[in-house]
Amino acid sequence: MGAIAEVATFLGTVSPTLGTIKKGTALPATPDVVLAVTEFPGGPSAGAFGHAGIKYELTGIQLRARGAKNDENAARALLHRARHEFAKVQAQTLSGTYYLTVTTQGGIFPLMLDDDERPVVAANFLVEKEESAT
Amino acid sequence: MTCEMTGVEEFKASLKNFGPNALKAAGKPLFQITKEVEADSRRNTPVEWGTLEGTHETEFPNYEEEAGAVICRITVGGPTGESPTGAMGYAVPVHERMEVHHERGGAKFLWNAVMKRLRTLHVELAQRLDLQAAWNGTAGVGGEGI
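Heads up: these notes are all about the structure in this document. Only a predicted model underlies this, so the values are computations on that prediction, with no experimental measurement involved.

Comments concerning the overall build of chain A
In terms of helices and strands, chain A carries two helices and six strands. Taken from N to C terminus, the helices and strands of chain A fall in the order α-β-β-β-α-β-β-β. Over its C-alpha trace chain A gives a radius of gyration of 15 Å, about what one expects of a compact globule, namely 14 Å for 134 residues. Per-residue burial for chain A yields a buried fraction of 43% across its 134 residues. A sequence separation of at least 24 residues applies to 63% of the contacts in chain A between residues at least 6 apart.

Spelled out as structure tokens, the structure:
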């Protein structure tokens, strides 16, 4: 399971009221209000004594939330909740992968309007974790 | 036999001022490194008309002596707070939307340029630091000497 799936599973478990959490950048046509987890290159990985190869990696995680047309607040509220839950992760195992720290990178920002002019907001995180199985 | 030591007070004064002076001396190499990061970011900026690539700017070092910090800031897309229809409103989605394909460059162009240098930054900075200027207190501040 990759980082996207691990984070999505974690958020779905810790806060079921976040609704269905999409994996990747493609958002479904419905419902309007939806949360998604996507990934970007974070930073250089690191080894460790007594461990051959990569031990820890820096992974970039981007959470996105969409609201109904002219309702950015709903998107922001959803992302705000998800952001706080995710930022609490520290030294714990998510779906079999050990996560050391989650660091927020700036605040929530407007990302775009989708094809139906629904606002999408996003927030970035830098995650220090062990390598995921896939 | 007698031994006379001179320059003790001058030495003490130089030692006392070495910290703040080293901060000033760090401005120049930090600015140089930041300019190189900016150049790397420019190379990987998606280009259609070149507008976004052309908005890269590296500010002169900003010294915060109380915090013991020197900051060099790269801005892309114009001043923060620009209207959503302005360059900032364009820069953010281009930088943050990983799913968009570009003929040249790609998303996270600035982020990737910064992260590439992060691990070696302290070593590069130490290698380029003019210790003589830091000791003598002759390092320029802001744009001076850059």
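So that's the structure; there's more coming.
Some remarks on the interface of chain B and chain A
Facing 11 residues of chain B, the contacting portion of chain A comprises 20 residues. Each partner contributes to the roughly 1200 Å² buried at the junction of chain B and chain A, and carbon and sulfur atoms together form 61% of this total. Per-residue buried area on chain B facing chain A is highest for B:Met98, B:Trp111 and B:Arg119; these three make up 39% of the total on that side. Our enumeration of links across chain B and chain A arrives at one salt bridge.

Looking at the packing of helix H1 (residues 8-43) of chain B against helix H4 (residues 121-128) of chain B
All names here are of chain B. Where H1 contacts H4, the two axes come as close as 9 Å, and the packing angle between them is 130°. By the angle between their directions, the pair H1 and H4 is classed as oblique. Seen along the crossing, H1 lies across H4 with a hand that is right-handed. Here Ala-26, Pro-29, Leu-30, Gln-32, Ile-33 and Glu-36 of H1 lie close against H4, whose contacting residues are Leu-121, Glu-124, Leu-125 and Arg-128. Looking at the contact of H1 with H4, its residues break down into six nonpolar, one polar and three charged.

Describing the pairing of strand S2 (residues 34-48) of chain A
Residue and element names in this part refer to chain A. Sheet analysis places strand S1 (residues 21-23) next to S2, joined by three bridges and oriented parallel. Each bridged residue has a counterpart across the sheet, and for Lys-22 the counterpart in S2 is Ala-36. Joining the antiparallel neighbours S2 and strand S3 (residues 51-66) is a turn of two residues, in which Gly-50 adopts a positive phi near 80°.

Rules of the game
Residues numbered from 1 in each chain as written. Chains lettered and ligands numbered in written order. Predicted model: local features only at pLDDT ≥ 70, side-chain atom pairs only at ≥ 80, totals over all residues. Heavy atoms only, no water. Helix = DSSP H or I, 4+ residues; strand = E, 2+ residues; numbered from the N terminus. Rg over C-alpha atoms; globule rule 2.2 N^0.38 Å. Buried < 20%, exposed > 50% of the residue type's maximum accessible area, 1.4 Å probe, protein only. Contact = heavy atoms within 4.5 Å. Buried area = accessible area lost by both parts, 1.4 Å probe. Salt bridge = Lys/Arg side-chain N within 4 Å of Asp/Glu carboxyl O. Axes fitted to C-alpha atoms, helices over the stretch in contact; angles between N-to-C directions. Parallel < 35°, antiparallel > 145°, perpendicular 65-115°, else oblique. Left-handed = near helix turned anticlockwise from the far one by under 90°. Nonpolar A, V, L, I, M, F, W, Y, C, P; charged D, E, K, R; others polar. Pairing = 2+ DSSP bridges.

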